[in-house]
Amino acid sequence: MPPIRLLGTFLCLFLFLGALAAASPSRGRSPADNDDGGDNGDDVQPSQSVAGATSTTSLAATSTNTTAVLQGDVQCPGSQLMCVTGIVNGSTITYELQSTGSQSLGWMAIGFGEQMANTPMVIMWLNADGTITLSQRQASGQNMPTPVASPPKVATAQPTLSTLTGSQPVLTFTIDGTATQVPLIWAFGSTRPAEAAGSTIQQHLESGTFTLDLTKTLTSNSTSRVGSSAGSVPLLSYQKTIIAHAVVVTFGFLFLLPAGVLLARYTRTYYPRWFTAHWVIQAGIAGPFIVVGCVLGYVAVNQQGSDVSSPHKRIGTILLALYLCQCVLGAFIHFVKIRFRFGRPPQNYFHAIFGLVILALAFYQVHIGYDEEWPNTTGRSPVANVVNIVWIVWIVVFALLYSGGLAYLPRQWRQERPKASPTDQDKGVQSNDEEGSQSNDHAGVQLNNQETHQLQMIRNRAAG
């Protein structure tokens, strides 16, 4: 296959990535227990199974027709599979876990801390017989939480304050606590466990972190959680590091590397020092951004306190290795000149095509980073759609710019054709001289033969 056709194939790959992202909706989020650090003090306790009413009222609207004013907060974190309300009642806090009905309810949980490891959790589910099971658990890491016999604080299920019917049930419990800013983890499972509080629970559908500000004022109307926004939830330290990682590494892979590629494509036939500018951008400038961005990714994982394998992390490691190999290959091609009889050496074509492969993988890596890794890791909503639009537009713009640069290939190939060396030219002159000498000698022999023949004819006539 001609080299120009191979390059065209990889440009089509860029356009295909953009079309694929534009045509397909965002994926469902895979489970990831990713939250950060510590314990707030609103801790929890053992396991209960309590009978509940089939239709009850919420605490925020009990036995009054007037609007009740309460102190607390309500949040619907992540992709809003569930909403959590915290209501202060003296030295006790009432927590309501409500399913939004967007997924089949198996179980709902919150934990009093910022990471899964060693955080006291309250897990609740609705049984088939109309009872509520409350199980207080804890996990050592990214594994199934197990029941705790003596938790720091005991959570008590409140079936009379729960709503157990309909598509959006509310499961309520109370616990002692006086904190005003309560960092929490949450998780939602779609498979209902058995009735016993110590039953095995299937892995959650989604999880994340958020914070309740219990200094806010609530009314009975404001406790209608379903469809409400998660509001402004402060970023945790590891989430800020993730954002820094995304900005730095995206600038390196998706802006500096393409800039270096386009510079080489457009200037190599006109600017003698194009290679210096090319390697300065690709290695001297982009290199530090890429390395620092990758380091920030590892720092974020350590801050989070857990390392759950994901496609984004695996591809990121591979991409960094490929980038380093490409830098080494470029240096080798430049400093180790290997003559090729038929024009441009094959390793030069491989370097160009390999670079396009790295860019295509980088575009894909950034996409799954903001579309999957961010919401799965943090439990926050997906990024704004404008990010996806910018991603698609940049793919198309880069592909068009690179395609335009291919118009310079014929000029490049003419410049790269092997030229005859001075030794070869001298040999050619000598050969021509020898051939000319031989030709002249041959012509002289022919001339002498003709003269001899003519003299012989004159003598014959004279004799006759």
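See the structure printed just above.
Just so it is clear, the model here is predicted, and its values are computed rather than measured.

> Describe in detail the state of the cysteines, supporting the description with residues and values.
Under the definition given, this model contains one disulfide. Disulfide pairing is shown between C76 and C83; the S-S distance is 1.9 Å. One disulfide, between C76 and C83, carries an S-S torsion of 105 degrees and so falls in the right-handed class. Using a relative accessible area of 0% as the deciding quantity, one classes C83 as buried.

> Go over the pattern of salt bridges with me, naming the residues and quoting the values.
Counted by the stated rule, this structure contains one salt bridge. Between D73 and K216 there is a salt bridge; the shortest N-O distance is 3.5 Å. Of this pair, D73 sits in strand β2 (residues 69-75) while K216 sits in the loop between β12 (206-213) and β13 (217-219), and the two are 143 residues apart along the sequence. Given the relative accessible area of 3%, D73 is considered buried. Look at K216 and you get partly exposed, because its relative accessible area is 37%.

> Can you break down a nonpolar patch on the surface residue by residue, with the values?
On the surface, F251, F255, W279, V280, I285 and F289 cluster together into a nonpolar patch covering about 500 Å² of accessible area. Broken down by element, the residue count for the nonpolar patch peaks at four residues, all from helix α3 (residues 274-304). In this fold, F251 is placed in helix α2 (residues 237-267).

> Mind laying out the packing of α2 against helix α5 (residues 346-378), listing which residues take part and the relevant values?
In the contact formed by α2 and α5, the axes pass within 10 Å of each other and the chain directions differ by 165 degrees. With respect to each other, α2 and α5 are oriented roughly antiparallel. Relative to α5, α2 is oriented so that their crossing is left-handed. Across the interface between the two elements, Y238, Q239, I242, I243, T250, F253, L254, L257, P258 and V261 of α2 pack against I358, L359, A362, F363, V366, W374, T377 and T378 of α5. Here the contact of α2 with α5 is built from residues that sort into 14 nonpolar, four polar and no charged.

> Residues and numbers for the nonpolar core, please.
One broad trend across soluble globular proteins is that nonpolar side chains are buried collectively. Counting residues in each nonpolar core, the largest one holds 28 residues, and the members touching the most others are F253, L254, L257, I290, W391, F398 and Y402. For this core, the secondary-structure elements that each account for two or more residues are α2, α3, α4 (311-335), α5 and α6 (385-405). Counting residues per element, this core draws most heavily on α5, which supplies eight residues.

> Hey, could you go over unusual backbone geometry for me, with residue numbers and the actual values?
With the exception of glycine, the majority of residues adopt a negative phi angle, and the majority of peptide bonds are in the trans configuration. You will see that N118, though not glycine, has its phi angle at about 60 degrees, which is positive. Along the polypeptide, N118 turns up in the loop between β5 (107-112) and β6 (121-126).

> Just give me the short version of the packing of α3 against α4, but keep the residues and values in it.
At a minimum axis separation of 11 Å, α3 and α4 run at an interaxial angle of 155 degrees. Between α3 and α4, the interaxial angle falls into the category roughly antiparallel. Considering only the axes of α3 and α4, their crossing is left-handed. Together, F275, Q282, A283, A286, G287, I290, C294, Y298 and V301 of α3 and K313, T317, L320, Y323, C327, G330 and H334 of α4 make up the contact between the two elements. When the residues that make up the contact of α3 with α4 are grouped by side-chain class, the tally is 10 nonpolar, five polar and one charged.

How each quantity is defined
- Residues numbered from 1 in each chain as written.
- Predicted model: local features only at pLDDT ≥ 70, side-chain atom pairs only at ≥ 80, totals over all residues.
- Heavy atoms only, no water.
- Disulfide = S-S within 2.5 Å.
- Buried < 20%, exposed > 50% of the residue type's maximum accessible area, 1.4 Å probe, protein only.
- Salt bridge = Lys/Arg side-chain N within 4 Å of Asp/Glu carboxyl O.
- Helix = DSSP H or I, 4+ residues; strand = E, 2+ residues; numbered from the N terminus.
- Patch = residues over 30% accessible without salt bridge, like charges linked within 9 Å, V, L, I, M, F, W, Y side chains within 5 Å.
- Areas by Shrake-Rupley, 256 points an atom, 1.4 Å probe, with all protein chains shown as cover.
- Axes fitted to C-alpha atoms, helices over the stretch in contact; angles between N-to-C directions.
- Parallel < 35°, antiparallel > 145°, perpendicular 65-115°, else oblique.
- Left-handed = near helix turned anticlockwise from the far one by under 90°.
- Contact = heavy atoms within 4.5 Å.
- Nonpolar A, V, L, I, M, F, W, Y, C, P; charged D, E, K, R; others polar.
- Core = buried A, V, L, I, M, F, W, Y, C linked by side-chain atoms within 4.5 Å.

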